[in-house]
Amino acid sequence: MRIYNTLTRRKEEFKPIEEGKVRMYVCGPTVYNLIHIGNARPMIFFDTVRRYFEYKDYEVNYVSNFTDVDDKIIKAANAEGVESSVISERYIAECRKDMEGMGIKPATRNPKATEEIDGMIRMIQTLIDKGFAYEVNGTVYYRVRKFVGYGKLSGKNLDDLRSGNRTLLVTGEEEKDDPMDFVLWKPKKEGEPFWPSPWGDGRPGWHIECSVMSQKYLGETIDIHGGGEDLVFPHHENEIAQSEAASGHPFAHYWMHNAFLNIDNRKMSKSLGNFFTVRDISEKYDLQVLRFFMLSAHYRSPLNFSDELMAAAKSGLERIVNCAGLVREKAAGAESAASEELAAELKGYREKFEAAMDDDFNTADAIAALFELVKYANTRVAGGCTEGEAAAMSELLETLCDVLGVNTSVKKDDLDSEVEALIEERQAARREKNWAKADEIRDRLTAMGIVLEDTREGVKWKRA
Ligand code: AMP
Ligand code: ZN
């Protein structure tokens, strides 16, 4: 299995620290709002990485945090006049709902930053004791020039970074030894959550959280550390500096980063008005469609989100789900019994799928192999295969779908939440006696091949 390692900038053969085991850490979201579809990309992709390792019989220890102390959370809490924890707990619960909808397996552990403060204080103290950190007026800074490998992940050079960051010196951080030094602990401010520490009441910086949670739950050296590409610098560069200085050992062997999700070829942002939460999408599509869409491109390629591409993902997913239903029905619970010829054919599809996934998790090519299997299975069923043969095809299809986290028993109706949403919109128009709008929606549904029937129990629909 080959993985592109951001640290070495090439694909490398994967060698686990411990035979048959994978320890991986993926930076999780800051919980101040509903997660957006950009956040969903690393969640879906790294869940697929985990599933593929499990398919290959690795035992995966998968840790992903929730950042539940942060300026944005504090701002949201102050705006609502509640404690920070009210905001973070609310959005952790909402995030878990979205993750379930997207078919993301629960992590082995989802530590929360606020529950790991003791460990952070201990690591900061170790860094101070070793000369990698210093305290000024209640703030503790990391001394970047002391860490020889600083910049190795992002390929940045400290002198260039310094000249680009002169402005930092005039923004109230002149107490730092070096403009590149970053915060490990900051003193409390009015209206902010705080914890006692040897340097006074305050709260941790963002980067130290991940170093501590990763070390606590996975050990000093881990196999894989992942996240979106925006985290390479400074977040992951700083995590390396902290973890390796504290432990004296390499932090992670493989650094994996997903490219960004854009919308209509532009960066997603609230100000551009092209910002969607996962919840927004769930109103129009089953979240399985979003998952399938995310995996339709290689994770290191930027991915563009649009209605057309989502519609294509939806019909692709339907083809797979329909075929899975067809072979399952045809198998009628029979034991798998493939002829030599069929077994060889199925082995070919499995190998294609594995070759794609082994090549730095090329999910786009893996899906292409899956479509070939679907086409083959449909033809075999149409040509009149035996129950045992259908069972063999069904088994392979289910196994490969499971690696991608695609749920083949998703009901067709669930995929049709778009139809349900339009019907609901039509009902609302009727309640408002907006007959023109109601008729217009009915026409749209007719054009989609949907037939409506107004009954006493409400509106029923079927495909024409
Ligand atoms: P945040 O809550 O901003 O720390 O982000 C959580 C995760 O989502 C990180 O791994 C980010 O790199 C990732 N992420 C944020 N926006 C996008 C995007 N538009 N496309 C892909 N990944 C993203
Ligand atoms: Zn992190």
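Residues numbered from 1 in each chain as written. Chains lettered and ligands numbered in written order. Predicted model: local features only at pLDDT ≥ 70, side-chain atom pairs only at ≥ 80, totals over all residues. Heavy atoms only, no water.

A.B. asks: Would you explain the overall build of the protein chain in this entry?
C.D. replies: Of regular secondary structure, the protein chain possesses 16 helices and 15 strands. Seen through its C-alpha atoms, the protein chain measures out along the principal axes to roughly 75 × 65 × 35 Å. Within the span of the protein chain, comprising 464 residues, buried residues form 51% of the whole. Within the protein chain, contacts between residues separated by at least 24 positions form 76% of all contacts whose residues are at least 6 apart in sequence. As displayed, the protein chain has an accessible area near 21,400 Å², and 48% of this comes from carbon and sulfur atoms. Here the protein chain holds 63 positive side-chain charges and 79 negative ones, and the gap between their average locations is 2 Å. (Helix = DSSP H or I, 4+ residues; strand = E, 2+ residues; numbered from the N terminus. Buried < 20%, exposed > 50% of the residue type's maximum accessible area, 1.4 Å probe, protein only. Contact = heavy atoms within 4.5 Å. Areas by Shrake-Rupley, 256 points an atom, 1.4 Å probe, with all protein chains shown as cover. Lys, Arg positive; Asp, Glu negative; His and termini not counted. Charge placed at Lys NZ, Arg CZ, Asp CG, Glu CD.)

A.B. asks: I tried to follow the sheet that holds strand β11 (residues 261-263) on my own but got confused; where do I start?
C.D. replies: Hydrogen bonds along the backbone pair up the strands of a sheet, which may run parallel or antiparallel. Judged by pairing direction, the sheet is mixed, and its three strands sit side by side in the order β12-β11-β13 without closing on themselves. Both outer strands of the open sheet, β12 (266-267) and β13 (303-305), are each paired with one neighbouring strand and no more. As paired elements, β11 and β13 share three bridges and run parallel to each other. Among the inter-strand pairings, Asn262 is bridged to a residue of β13, identified as Asn304. (Pairing = 2+ DSSP bridges.)

A.B. asks: Please clarify how the pairing of strand β9 (residues 222-228) should be interpreted in this entry.
C.D. replies: Put simply, side chains in a regular strand alternate between the two faces of the sheet. Most of β9 is tucked away: seven of the seven residues are buried. Note that strand β3 (residues 21-26) and β9 share three bridges and pair parallel. Opposite Val26, over in β9, you have Gly226 as the bridge partner. Across six bridges, β9 lies against strand β10 (residues 252-258) in parallel orientation. By the bridge assignment for β10, Ile224 is matched with Tyr254. Once you follow β9 into helix α7 (residues 232-247) and on to β10, the crossover reads as right-handed. (Right-handed = clockwise from strand over helix to strand, strands pointing away.)

A.B. asks: What is the right way to read the coordination of the zinc ion (ligand 2) from this model?
C.D. replies: Perfect tetrahedral coordination of a metal by four donors corresponds to 109.5 degrees between them, and perfect octahedral coordination by six donors corresponds to 90 or 180 degrees. Around the zinc ion (ligand 2), the donor atoms from the protein are Cys27 (SG), Cys210 (SG), His235 (NE2) and Glu239 (OE), and they sit 2.1 to 2.6 Å away. Classification of the site at the zinc ion (ligand 2) as irregular follows from its four donor atoms and the range of 70 to 128° in their angles at the metal. Between the donor residues of the zinc ion (ligand 2), the gaps in sequence give the motif C-x182-C-x24-H-x3-E. Placement of the pair is Cys210 in helix α6 (residues 206-218) and Glu239 in helix α7, with a sequence separation of 29 residues. (Donors = N, O, S within 2.8 Å, 3.2 Å for Na, K, Ca; no water. Tetrahedral: all angles 85-135°; square planar, octahedral: opposite > 155°, others 65-115°.)

A.B. asks: Quick question: what am I supposed to make of a negative patch on the surface here?
C.D. replies: The grouping of Glu425, Asp439, Glu440 and Asp443 at the surface amounts to a negative patch. With three residues, the top contributor of residues to the negative patch is helix α16 (residues 435-447). Within the element layout of this structure, Glu440 appears in helix α16. (Patch = residues over 30% accessible without salt bridge, like charges linked within 9 Å, V, L, I, M, F, W, Y side chains within 5 Å. Salt bridge = Lys/Arg side-chain N within 4 Å of Asp/Glu carboxyl O.)

A.B. asks: Looking at this model, I keep getting lost on the site of ligand 1. Mind explaining?
C.D. replies: Near ligand 1 you find 15 residues, and of these Thr30, Gly38, Gly228, Asp230 and Leu261 are the closest. Within the contact set of ligand 1, an oxygen atom lies 3.0 Å away from a backbone nitrogen or oxygen of Thr30. At 2.9 Å from an oxygen atom of ligand 1 is found a main-chain nitrogen or oxygen belonging to Gly228. Computed on the free molecule, ligand 1 has an accessible area of 490 Å², of which 87% lies beneath the protein chains in the complex. Judged by its atoms lying within 2 Å of the grid points, ligand 1 is housed in the largest pocket. Elements represented by at least two residues in the shell around ligand 1 include exactly α1 (37-55) and β9. Top contributing element to the shell around ligand 1 by residue count: α1, with three residues. Split by residue class, the shell around ligand 1 holds six nonpolar, eight polar and one charged. (Near = heavy atom within 4 Å. Polar contact = N/O pair within 3.5 Å; in protein donor to acceptor, adjacent residues only side chain to side chain. 1 Å grid on protein atoms, 1.4 Å probe; cavity = no way out; pocket = protein on both sides within 12 Å on 5 of 7 lines; lining within 4 Å. Sits in = over half its atoms within 2 Å of the grid points. Nonpolar A, V, L, I, M, F, W, Y, C, P; charged D, E, K, R; others polar.)

A.B. asks: Would you mind showing me how to read the nonpolar core here?
C.D. replies: Looking at soluble globular proteins, one finds that nonpolar side chains tend to be buried together. Ile37, Phe53, Met102, Leu290 and Phe361 are the most contacted members of the largest nonpolar core, which has 92 residues in total. Shared between two domains, this core holds at least three residues of each, these being domain 1 (14-258) and domain 2 (307-403). Once residues within four sequence positions are removed from consideration, Phe53 is found in contact with Met1, Ile3, Phe14, Val22, Tyr58, Val60, Ile224 and Phe361. (Core = buried A, V, L, I, M, F, W, Y, C linked by side-chain atoms within 4.5 Å. Domains from an automatic or database assignment.)

A.B. asks: Is there a simple way to think about the layout of surface pockets in this case?
C.D. replies: Take a probe with the size of a water molecule and roll it over the atoms, and the empty space left behind shows itself. Taken as a whole, the largest pocket holds about 1,100 Å³ of empty space. For the largest pocket, the lining is made up of 46 residues, of which Gly28, Pro29, Thr30, His36 and Asn39 are closest to its centre. Looking at the lining of the largest pocket, the elements that each hand over two or more residues are α1, β4 (59-64), α3 (84-101) and β9. At six residues, the largest contribution of residues to the lining of the largest pocket is made by α1. Taken together, the residues of the lining of the largest pocket sort by class into 22 nonpolar, 14 polar and ten charged. (Points joined across faces, edges and corners; volume = space filled by probe spheres on them.)

A.B. asks: Honestly, the pattern of salt bridges in this entry has me stumped. Any pointers?
C.D. replies: What the rule picks out here adds up to 33 salt bridges. The shortest N-O distance in the salt bridge between Asp71 and Arg203 comes to 2.6 Å. Note that Asp71 is positioned in helix α2 (residues 71-80) and Arg203 in strand β8 (residues 202-204), a separation of 132 residues in sequence. Classification of Asp71 as partly exposed rests on a relative accessible area of 46%. Between Glu372 and Lys352 there is a salt bridge; the shortest N-O distance is 2.8 Å. Highlighted residues: Glu372 in helix α12 (residues 363-382) and Lys352 in helix α11 (residues 340-358), separated in sequence by 20 residues. Each of Asp47, Arg51, Arg291 and Asp402 takes part in a single network of salt bridges with overlapping partners.

A.B. asks: I keep staring at the sheet that holds strand β7 (residues 182-187) and nothing clicks. Help me out?
C.D. replies: On the basis of which strands lie adjacent, the open sheet formed by four strands has the order β5-β6-β7-β8 and antiparallel pairing. Looking at the sheet topology across the chains shown, the edges are occupied by β5 (133-136) and β8. Geometrically, the sheet is characterised by an average inter-axis angle of 20° between neighbouring strands, direction not taken into account. As paired strands, strand β6 (residues 139-142) and β7 are joined by three bridges and run antiparallel to one another. Following the sheet pairing, Val140 is matched in β7 by Trp185. (Axes fitted to C-alpha atoms, helices over the stretch in contact; angles between N-to-C directions.)

That's the geometry; what it means functionally is another story.
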